[in-house]
Amino acid sequence: MSEIRFCDVGKRFGDVEVIRGLDLGIEEGEFMVLVGPSGCAKSTTLRMMAGLESISSGDLFIGGRRANDLMPAERNFSMVFQSYALFPNMSVRENLSFGLKLRRTDAATVAGEVARVTEMLGLGNLLDRRPRQLSGGQAQRVALGRAMIRKPDAFLFDEPLSNLDAELRVQMRGEISEMQRKLAATTVYVTHDQVEAMTMGDRIAVMDKGRIKQVGVPTELYERPANTFVAGFIGSPRMNLMPAADLLGDAGPTVDPACRRAGTLGMRPEHVLVGHEAGTVGIGQARVIRMENLGHEMHLHLRNARGRAITARVGSETCGGIAPGVTVPLAFRPEHLHAFDRTTGERLP
Amino acid sequence: MPSAARRFGDASACWFILPCLLALAVTSLYPVGFGLAVSFTNWNWGSQLDYVGMANYADLLADVEFWTVMRNTIVFASAATGVEVALGFYLAVQVDKLAIRTDLLRALIMLPLMVSGIVVALMSKVMFDPFLGIVNHLLGLLGLGPSAFYGAAATAMPSVVAVDVWWQTGFVFIIMLAGLRGLPIDPIDAARVEGAGEFTIFWRIKLPMLRSLLVTVVIIRAIDTLKVFDIVFGTTVGGPGLATEVVQTFVYRTAYSYQQIGKAMATMVLFSLLILAVALSLQMLQRRGEAGR
């Protein structure tokens, strides 16, 4: 298994600089998720690890060895693509054994490994099928099998679940996590889906415009986002972010002076309280614009006296009497406020 | 009720396609029918028009000249198609690998396609002229003896093939380059990560994905070269002797020099059967490939 380390890595496509000063370390056996919006260069970062994209500046180390100029084959990584990338002219069996045969593995070992992976992923009755005869989930399993079969030093996943329906995505998410746990393999997983990132990764690197905005364990990213970008990106519904005066309203004097001085304040939707309780601070009235009922909880889309949109997440059972058009009092607990610098957007201590 | 609607729909569809069917019948089926009918006569483009049954066919099949012409046509088509497809595909693979802009290179390779067959034939005739041509001059600089090219039986056919290759390789090149550029990148990247080298990627990943396109290109070039006329007519007119006589020039001579329209038509019928057989067998090959995938 391999440790992977980017040191001040940059990537240019012609005159366009897509990655600048990338510093990231992925420990041996770690499940690292790269998450960010479309176009943030997370896939380019993964492709640089795989050797499919050149590195314009800086260094990439794999297992302590400088790997900038290593061919993909020399890195001993496996990669699973969003499009599955199965070889269309080969059967499932041939797809699975492709890498082993390239390494001139003897036929008995190949057959044994194919049987092992087939059993692990439940591909037994699909071995003689061609990729076009497989469903999305089956194709993704074959792609996983092809990645697993030759015991690589690291697994690279490039948005592997994006083409699957919601139910299958949840199932495959579990299977990939399970596989990673069993094999204890270094894994780098690219996704734009923050739910995947939060549920799968040991650590998450949030990227935006070719730069890493924060690296940390999921709870750290959720509870202490380092900047407004991470605060807005991680969490669904997204964190309420707005100028301090607009969020606090008349409650300004009752909160910590540091928060009042902060340019931007953030509050998670589940921390927006409808109604006053002991120990909470009222932030005025807000009108209910829209309600989304998810069964176990309700998302209230509100507008406060300053015209700012606020989202609150409340239990369905606590919504009696609330309806679109109704005005409700809002409150919060001071410890749930997140304060960010007005100009840099960085978290204030 | 649905079946009634379907019946009504079917009848409507027939009325809608009837004009097209009529146009097709007039423009395609009539000439074919007429040609077939004439092949059973001794029509001389004048008043002589007698039904002769299978006589034209019997004469042709017993005629050594006809078989020579058929053999020449097949030799020309096989050689030209083989070299054009191999060379065009090779050039496409090489250009596809280049990491620079290839617009000018592509335009240069495609340039001969813009020239008409007769102009190509005339240009080559001047260049291959045994006394004035630049090709013999260049061969002389290399210490190689002059060649008669179109003037000698041994070199006439290779010369005609070479001219067709120069003319039509660009077609194969541009189609195969488009195919290569249109291949999905992910399976190729996946093979690269799995450890495959460039040769393995080409042979085991790219070529199977291009198989269908390649067979189509072979079908197009095979049919086109079997129907060759302008290149041969503009360079050797089928000579010397019968060395480069192909079906089209043979039919031209039979029809316009000897006024044997019936025999010319019979030749075309037999030749059409040959083209049909070639097209069907190549198509079968393509279907078998697709079924295999």
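Residues numbered from 1 in each chain as written. Chains lettered and ligands numbered in written order. Predicted model: local features only at pLDDT ≥ 70, side-chain atom pairs only at ≥ 80, totals over all residues. Heavy atoms only, no water.

This part takes up the overall build of chain A. Broken down by element type, chain A carries 11 helices and 18 strands. Taken over the C-alpha atoms alone, chain A extends approximately 75 × 45 × 35 Å along its principal axes. By residue count, 52% of the 349 residues in chain A fall in the buried class. At a minimum sequence separation of 6, the contacts of chain A that also span at least 24 residues come to 67%. Counting every atom, chain A has about 15300 Å² of accessible surface; 48% of that belongs to carbon and sulfur. A gap of 3 Å separates the mean positions of the 43 positive and 41 negative side-chain charges of chain A. (Helix = DSSP H or I, 4+ residues; strand = E, 2+ residues; numbered from the N terminus. Buried < 20%, exposed > 50% of the residue type's maximum accessible area, 1.4 Å probe, protein only. Contact = heavy atoms within 4.5 Å. Areas by Shrake-Rupley, 256 points an atom, 1.4 Å probe, with all protein chains shown as cover. Lys, Arg positive; Asp, Glu negative; His and termini not counted. Charge placed at Lys NZ, Arg CZ, Asp CG, Glu CD.)

Bringing the side chain of A:Gln214 into the picture now. All names here are of chain A. Locating Gln214 in the fold gives a position in strand S10 (residues 211–216). On the basis of relative accessible area, Gln214 is assigned to the buried category, the value being 8%. In this structure the side chain of Gln214 is engaged in a polar contact, spanning 2.7 Å, whose partner is the backbone nitrogen of Ala226. In this structure, Gln214 is in contact with Ile204, Ala205, Val206, Glu220, Leu221, Arg224, Pro225, Ala226 and Val230, ignoring residues within four places of it in sequence. (Polar contact = N/O pair within 3.5 Å; in protein donor to acceptor, adjacent residues only side chain to side chain.)

All names here are of chain B. Structurally, Ile134 is set in helix H6 (residues 134–141). Judged by relative accessible area, which is 44%, Ile134 ranks as partly exposed. Residues Ile134 and Ser124 lie 10 residues apart in sequence; the distance between their C-alpha atoms is 10.0 Å.

Before going further, it helps to examine the domain arrangement of chain B. Taken domain by domain, chain B comprises domain 1 (1–38) and domain 2 (54–292). Once you take the C-alpha centre of each, domain 1 of chain B and domain 2 of chain B turn out to be 36 Å apart. (Domains from an automatic or database assignment.)

Residues and elements named next belong to chain A. Across the sheet, which stays open at both edges, the 4 strands sit in the order S2-S1-S4-S5 with antiparallel pairing between neighbours. Edge positions in the sheet fall to strand S2 (16–26) and strand S5 (65–66), since each has one partner strand and no second. Across 2 bridges, strand S4 (residues 57–62) lies against S5 in antiparallel orientation. Residue pairing across strands places Ile62 opposite Arg65, the latter belonging to S5. Strand contacts of helix H1 (residues 42–50): strand S1 (4–13), S2 and S4, with the helix running at about 115° to S1, the strand carrying the most contacts. (Pairing = 2+ DSSP bridges. Axes fitted to C-alpha atoms, helices over the stretch in contact; angles between N-to-C directions.)

All names here are of chain A. Interaxial distance between helix H5 (residues 136–148) and helix H6 (residues 166–183) falls to 11 Å at its minimum, and their mutual angle equals 15°. What the angle tells us is that H5 and H6 run roughly parallel. For the element pair H5 and H6, the recorded crossing hand is right-handed. Between H5 and H6, the contacting residues are Gly137, Gln140, Arg141, Leu144 and Met148 on the first element and Leu168, Gln171, Met172, Glu175, Ile176, Met179 and Leu183 on the second. When its residues are assigned to classes, the contact of H5 with H6 shows 7 nonpolar, 3 polar and 2 charged. (Parallel < 35°, antiparallel > 145°, perpendicular 65-115°, else oblique. Left-handed = near helix turned anticlockwise from the far one by under 90°. Nonpolar A, V, L, I, M, F, W, Y, C, P; charged D, E, K, R; others polar.)

Tallied over the full model, the rule gives 19 aromatic pairs over all chains. Centroid distance B:Phe233 to B:Tyr252: 4.9 Å. Interplanar angle 65°. Geometry classified as edge-to-face. With B:Phe233 in helix H10 (residues 230–235) and B:Tyr252 in helix H11 (residues 247–257), the pair connects residues that are 19 residues apart, well separated along the chain. In this structure B:Phe233 comes out as partly exposed when scored by relative accessible area, which is 28%. B:Tyr252 gets classed as partly exposed once you look at its relative accessible area, which sits at 35%. Taken together, the ring pairs in this structure connect B:Tyr30, B:Phe34, B:Trp43, B:Trp45, B:Phe229, B:Phe233, B:Tyr252 and B:Tyr256 into an aromatic cluster. Above the ring of A:Phe13, the side-chain terminus of A:Lys11 is found at 4.7 Å from the ring centroid. Its end group placed over the ring of A:Tyr222, A:Arg268 keeps NZ or CZ at 4.0 Å from the ring centre. (Phe/Tyr/Trp six-rings, centres within 6.5 Å; stacked < 30°, edge-to-face > 60°. Lys NZ or Arg CZ within 6 Å of the ring centre and 35° of its normal.)

A few words on the side chain of A:Asp246. Residues and elements named next belong to chain A. With respect to the secondary-structure elements, Asp246 resides in helix H10 (residues 244–248). For Asp246, a relative accessible area of 16% gives the class buried. In this structure, Asp246 is in contact with Asn304, Arg306 and Arg308, ignoring residues within four places of it in sequence.

What follows covers the nonpolar core. Soluble globular proteins tend to bury their nonpolar side chains together. In terms of nonpolar packing, the biggest core is built from 58 residues, with A:Leu34 and B:Phe89 touching the most fellow members. Tallying contributions element by element places helix H9 (residues 198–226) of chain B first for this core, with 7 residues. Apart from the residues lying within four places of it in its own chain, the contact partners of A:Leu34 are A:Leu24, A:Lys42, A:Thr45, A:Met49, A:Val188, A:Tyr189, A:Val190, A:Thr191, A:Ala205 and A:Met207. Residues A:Val35, A:Met172, A:Ala197 and A:Phe233 belong to the second largest nonpolar core, which totals 41 residues. (Core = buried A, V, L, I, M, F, W, Y, C linked by side-chain atoms within 4.5 Å.)

In this section: the interface of chain B and chain A. The interface of chain B with chain A comprises 19 residues on the first partner and 24 residues on the second. At the boundary of chain B with chain A, total buried surface from both sides reaches about 1800 Å², with 60% on carbon and sulfur atoms. Seen at the junction of chain B and chain A, the total is 2 salt bridges. Salt-bridge contacts for B:Glu194 lead to A:Arg150; the nearest nitrogen and oxygen are separated by 3.2 Å. Every element with two or more residues in the side of chain B that touches chain A is listed here: helix H8 (185–194), H9 and helix H12 (261–292) of chain B. No other element matches H8(B), which puts 8 residues into the side of chain B that touches chain A. Looking at the side of chain B that touches chain A residue by residue, the classes come out as 9 nonpolar, 3 polar and 7 charged. (Buried area = accessible area lost by both parts, 1.4 Å probe. Salt bridge = Lys/Arg side-chain N within 4 Å of Asp/Glu carboxyl O.)

Every buried residue of helix H3 (residues 92–102) of chain A is accounted for by A:Val92, A:Asn95, A:Leu96, A:Ser97, A:Phe98, A:Gly99 and A:Leu100. The positive-phi residue at the C-terminal boundary of H3(A) is A:Arg104, with phi of around 55°.

What follows concerns the sheet that holds strand S7 (residues 154–158) of chain A. Residues and elements named next belong to chain A. One open sheet accounts for 6 strands, arranged S6-S7-S8-S3-S9-S10; its pairing is mixed. Each edge of the sheet is formed by a strand with only one pairing partner; in this case those strands are strand S6 (77–80) and S10. Strand-to-strand twist in this sheet, taken as the mean axis angle between neighbours without regard to direction, amounts to 15°. Examined bridge by bridge, S6 and S7 share 4 bridges and lie parallel to one another. Looking across to S7, one finds that Val80 is bridged to Phe157.

Turning our attention to unusual backbone geometry. Residues other than glycine predominantly adopt negative phi, and peptide bonds predominantly adopt the trans conformation. A cis geometry characterises the amide bond from A:Ser236 onward to A:Pro237, with omega recorded as 0°. Mapped onto the fold, A:Pro237 is located in the loop between helix H9 (228–233) and strand S11 (240–243). With an omega dihedral of -10°, the bond running from B:Gly239 to B:Pro240 counts as a cis peptide bond. Locating B:Pro240 in the fold gives a position in the loop between H10 and H11. In this structure, A:Glu159 takes a positive phi of about 45° despite not being glycine. The residue A:Glu159 is located in the loop between S7 and H6 in this model. Overall, the relative accessible area of 10% leaves A:Glu159 in the buried class. A positive phi angle is found at B:Phe149, which is not glycine, with a value near 50°. Within the secondary structure layout, B:Phe149 lies in the loop between H6 and helix H7 (153–181). Judged by its relative accessible area of 10%, B:Phe149 falls in the buried class.

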